[in-house]
Amino acid sequence: MLCWQSVSHSFGPTEVLSDFSLTVAPGQIISIVGPSGCGKTTALQMAAALLEPTEGRVDNGFSHTSYVFQEPRLLPWRRAIDNIAFGLKALGRNKRDRHLAARRLAARLELAEDDLDKYPHELSGGMRQRVSLARALAVEPDLLLLDEPFSALDIGLKRELQNLLVSLIDTSRMTAVFVTHDLAEAVRISQRIIVMDRFPLGKVHSHGIEQPFVDRDDPFVYQTVAELLSVDAVSRAFHRIDDETSTVKLR
Amino acid sequence: MKTALKDALAYLWDGWGAAVGLLMLIALWELGHTVYGSFVLPAPIETVESLASLQEAGKLGPAAWTTALRAIGGFLAAGLVGSLFGIVAGLSMTSARAVRPIVTVLLGVPPIAWIVLALLWFGPGGMTPVFTVVVTALPITFAAAVEGSRTLDQGLEDMARVFNAPFLMVLWEVHLPHILSYLFPAWITALGMAWKVAVMAELMASDSGIGAEMALARVNLETGEAMAWVIAVVGLLLAAEYLVLEPIKRKIEPWRRTGQGRMRKMGGF
């Protein structure tokens with residue numbers, strides 16, 4: 001069980017998370033969506049103990065927590081295979097076991113054998129993110145935390161990795177918490193969507209999706225997104241996102 | 001075994017470009033000799049002959065050894081102390097800022113000024129060259145180490161924390177390679193500096209080593225011999241850099257070498 005209990009957090013005078021509570025039961029796949037500045041990444045970092053909340057507490061009862069960062073964060077001086085095996089090395093496994101496990105996982109994430117001997121800068125962006133996913137999965141986590149893991153990828157690659165990851169999580173009965181600003185992505189990959197906003201700061205809506213992942217075709221995703229956006233609180237949060245993206249485009 | 005052979009061949013192949021440059025330099029030297037004559041610029045072959053006769057007279061080995069000990073000893077001391085203190089200083093923003101002007105001042109003092117001071121403090125002898133080497137090489141390695149540890153990647157550190165990597169592993173896998181990528185160029189610069197400064201200090205303030213022998217050659221107006229000593233110093237420096245530092249660098253920084261795709265193409269591969 002992962003539990004945020006009325007957590008608040010401030011960076012200096014700025015409050016980035018206010019009285020946030022959420023419980024994630026084992027086996028659940030949850031998405032936290034919202035505009036930038038709503039505190040979703042902050043909440044996720046607390047679950048990984050990267051950040052200590054200013055107020056409240058976060059209880060993480062899972063035995064192995066893994067984290068996928070928005071950028072791949074690979075060690076530039078280590079080959080792909082050793083990057084995948086990083087977490088296993090931290091667990092004290094020997095080199096043979098580490099490489100064996102890394103190779104097996106790389107194959108499941110459709111990384112080519114000869115890519116494993118390359119250094120990160122020799123890999124494409126999509127391959128690097130695959131390595132980063134493989135590294136997170138290699139430690140066989142029971143809780144996987146993912147901070148916008150697909151946001152830097154182009155649309156085709158994004159879909160491909162989403163499907164791959166969802167099927168991996170689903171088959172291994174992992175618990176997963178995604179953070180994303182993309183509502184359609186959240187609908188595609190999660191069983192419950194938590195919508196957060198900046199004004200008011202915090203959780204504004206929660207929505208469960210029963211549909212099995214394989215049956216979530218495009219019409220279903222668009223329909224669910226439309227349903228969600230018809231909720232006032234959700235549309236407020238997301239119009240703000242639209243404003244942000246349009247100002248970015250104008251520049 | 002096969003890859004080792006391939007690596008060795010690649011290393012030699014990389015040397016082709018350098019060999020071309022070197023041969024061109026020797027050709028220019030020969031040209032200078034034909035224009036100005038042996039007294040101003042002895043021919044390359046004459047220089048090699050003087051070098052050989054110095055060797056026969058049993059002067060080359062001991063002088064080179066003395067200078068090498070001073071240069072390398074001073075360099076090692078400066079490298080070790082500068083790197084360690086630099087890393088520690090760079091860990092805190094405040095101390096990094098505090099040491100910046102000190103480093104700038106130390107880097108700004110010309111080596112010749114240190115030689116004068118060292119002469120006053122230690123007198124003529126072995127200590128003056130060693131001290132001068134240490135004091136000129138130290139700020140170089142120190143500044144690089146500060147920069148290296150100041151720019152440690154917080155993102156990678158967080159990544160390591162997520163995986164509960166033990167402290168030593170974080171140091172070895174995450175921090176050290178980053179710091180080394182700053183330190184290596186500085187060590188190479190410092191080593192080159194160490195040779196030059198050691199010879200200079202010997203020339204001014206010592207009666208042993210290559211520098212002292214050069215002073216002697218100058219007094220006797222032996223241009224050929226002076227030139228031979230220059231060659232000896234350069235040869236020692238090249239040996240230290242390409243037989244010791246460069247192979248170490250290749251061993252621990254292959255992730256940089258593979259990035260030079262354009263360079264490799266230029267090399268003919």
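### A few points about the sheet that holds strand E1 (residues 2-11) of chain A
Residues and elements named next belong to chain A.
Next, step 1: Pairing is antiparallel across the open sheet formed by 3 strands, whose spatial order is E2-E1-E4. Across the chains shown, the open sheet's two edge strands, defined by having one partner strand only, are strand E2 (14-24) and strand E4 (55-60). Across the sheet, the mean angle from the axis of one strand to that of its neighbour is 20 degrees, orientation sign disregarded.
Next, step 2: Here E1 runs beside E2; their pairing, made up of 7 bridges, is antiparallel. Bridge assignment links His9 to a residue of E2, and that residue is Leu17.
Next, step 3: Packing against the sheet, helix H1 (residues 40-47) makes contact with E1, E2 and E4, and its axis sits at approximately 120 degrees to E1.

### Comments concerning the pairing of strand E7 (residues 175-180) of chain A
In the case of a regular strand, side chains alternate between the two sheet surfaces.
Residue and element names in this part refer to chain A.
Next, step 1: Among the 6 residues that make up E7, 6 are buried, leaving the element largely enclosed by the rest of the structure.
Next, step 2: As judged from the 5 bridges shared by strand E3 (residues 29-33) and E7, these two strands associate in the parallel manner. Bridge pairing in E7 places Ile32 opposite Val179.
Next, step 3: Pairing of strand E6 (residues 143-147) with E7 involves 5 bridges; the strand directions are parallel. Bridge pairing in E7 places Asp147 opposite Val179.

### Considering the packing of aromatic side chains
Ring pairs (aromatic) are described by centroid distance and by the angle formed between their planes.
Residue and element names in this part refer to chain B.
Next, step 1: Applying the stated criterion across every chain, the model contains 8 aromatic pairs over all chains.
Next, step 2: With centroids separated by 6.2 Å and ring planes inclined at 75 degrees, the aromatic side chains of Trp114 and Phe131 adopt a geometry described as edge-to-face. Placement of Trp114 in helix H5 (residues 111-122) and of Phe131 in helix H6 (residues 127-150) is noted, with a sequence separation of 17 residues between them. Here Trp114 and Phe131 have matching classes, each one buried.
Next, step 3: Seen in terms of ring centroids, Trp121 and Phe131 are 5.7 Å apart; in terms of plane orientation they differ by 75 degrees. Their pairing is edge-to-face.

### A few points about the confidence of the model for chain B
All names here are of chain B.
Next, step 1: Overall, the prediction assigns chain B a mean pLDDT of 86, with 94% of residues at 70 or greater.
Next, step 2: The model gives residues 259-269 a pLDDT under 50, and that stretch makes 7 contacts with residues more than four places away or in other chains.
Next, step 3: Reported for the predicted complex are a pTM of 0.80 and an ipTM of 0.86.

### What about the sheet that holds strand E9 (residues 202-208) of chain A?
Residue and element names in this part refer to chain A.
Next, step 1: Spatially, 6 strands are ordered E5-E6-E7-E3-E8-E9 in an open sheet, and the strand pairing comes out mixed. The strands lining the two open edges of the sheet, one partner per strand, are strand E5 (65-68) and E9. Mean inter-strand twist for the sheet, computed between neighbouring axes without regard to direction, equals 15 degrees.

### Quick look at the environment of B:Gly74
Residues and elements named next belong to chain B.
Next, step 1: Positionally, Gly74 belongs in helix H3 (residues 60-91).
Next, step 2: Residue Gly74 is classed as buried on the basis of its relative accessible area of 1%.
Next, step 3: Residues Gly74 and Ala194 lie 120 residues apart in sequence; the distance between their C-alpha atoms is 7.2 Å.
Next, step 4: Among residues more than four places away in sequence, those in contact with Gly74 are Leu69, Val133 and Val134.

### Considering the interface of chain B and chain A
Next, step 1: Counting from both sides, the interface comprises 21 residues of chain B and, opposite them, 23 residues of chain A.
Next, step 2: Buried area between chain B and chain A, summed over both chains or domains, comes out near 2000 Å², and the portion from carbon and sulfur atoms is 69%.
Next, step 3: It is B:Phe163, B:Glu173 and B:Trp255 in chain B that bury the most area against chain A; as a group they hold 35% of the surface buried on that side.
Next, step 4: Linking chain B to chain A there are 2 salt bridges.
Next, step 5: Of the charged contacts in the structure, one is a salt bridge between B:Glu173 and A:Arg78, with a shortest N-O distance of 3.1 Å.

### Details of helix H10 (residues 223-252) of chain B
Residues separated by three or four positions in an α-helix point in the same direction, a consequence of the helix having 3.6 residues per turn.
All names here are of chain B.
Next, step 1: A rise of 1.5 Å per residue sets the reference length of H10, with its 30 residues, at 44 Å; its end C-alpha atoms lie 42 Å apart and thus fit the reference within 8%.
Next, step 2: In the structure, H10 departs most strongly from a straight axis at Leu245, where the bend amounts to approximately 30 degrees and where the proline Pro247 lies between one and four residues downstream.
Next, step 3: Those residues of H10 not exposed but buried are Gly224, Glu225, Ala228, Trp229, Ala232, Val233, Ala240, Glu241, Leu245, Glu246 and Arg250.

### Examining the packing of helix H2 (residues 44-56) of chain B against H10(B)
A packed helix pair is summarised by two numbers, namely the angle formed by the two axes and the spacing between the axes.
Residues and elements named next belong to chain B.
Next, step 1: Axis separation between H2 and H10 bottoms out at 8 Å; the angle between their running directions is 80 degrees. Classed by the angle they form, the pair H2 and H10 counts as roughly perpendicular. Here H2 contributes Thr47, Ser50, Leu51 and Leu54 to the contact with H10, which in turn contributes Gly224, Glu225, Met227, Ala228, Trp229, Ile231 and Ala232.
Next, step 2: Of the residues belonging to the contact of H2 with H10, the class tally is 7 nonpolar, 3 polar and 1 charged.

### Comments concerning the pattern of salt bridges
Next, step 1: One pass over the structure, following the stated rule, counts 15 salt bridges over all chains.
Next, step 2: Residue A:Glu71 pairs with A:Arg73 through a salt bridge whose shortest N-O separation is 2.8 Å.
Next, step 3: You can call A:Glu71 partly exposed: its relative accessible area is 38%.
Next, step 4: Among the salt bridges present, the one from A:Arg159 reaches A:Asp218, with a minimum N-O distance of 3.3 Å. With A:Arg159 in helix H6 (residues 155-172) and A:Asp218 in helix H8 (residues 218-229), this pair connects stretches of sequence that are 59 residues apart.
Next, step 5: What emerges from the salt-bridge pattern is a single network uniting A:Arg78, A:Lys89 and B:Glu173.

Calculation rules
- Residues numbered from 1 in each chain as written.
- Chains lettered and ligands numbered in written order.
- Predicted model: local features only at pLDDT ≥ 70, side-chain atom pairs only at ≥ 80, totals over all residues.
- Heavy atoms only, no water.
- Pairing = 2+ DSSP bridges.
- Helix = DSSP H or I, 4+ residues; strand = E, 2+ residues; numbered from the N terminus.
- Axes fitted to C-alpha atoms, helices over the stretch in contact; angles between N-to-C directions.
- Contact = heavy atoms within 4.5 Å.
- Buried < 20%, exposed > 50% of the residue type's maximum accessible area, 1.4 Å probe, protein only.
- Phe/Tyr/Trp six-rings, centres within 6.5 Å; stacked < 30°, edge-to-face > 60°.
- pLDDT = per-residue confidence, 0-100.
- Buried area = accessible area lost by both parts, 1.4 Å probe.
- Salt bridge = Lys/Arg side-chain N within 4 Å of Asp/Glu carboxyl O.
- Expected span 1.5 Å × (residues − 1).
- Bend = angle between axes of the 7 residues up to and from the residue.
- Parallel < 35°, antiparallel > 145°, perpendicular 65-115°, else oblique.
- Nonpolar A, V, L, I, M, F, W, Y, C, P; charged D, E, K, R; others polar.

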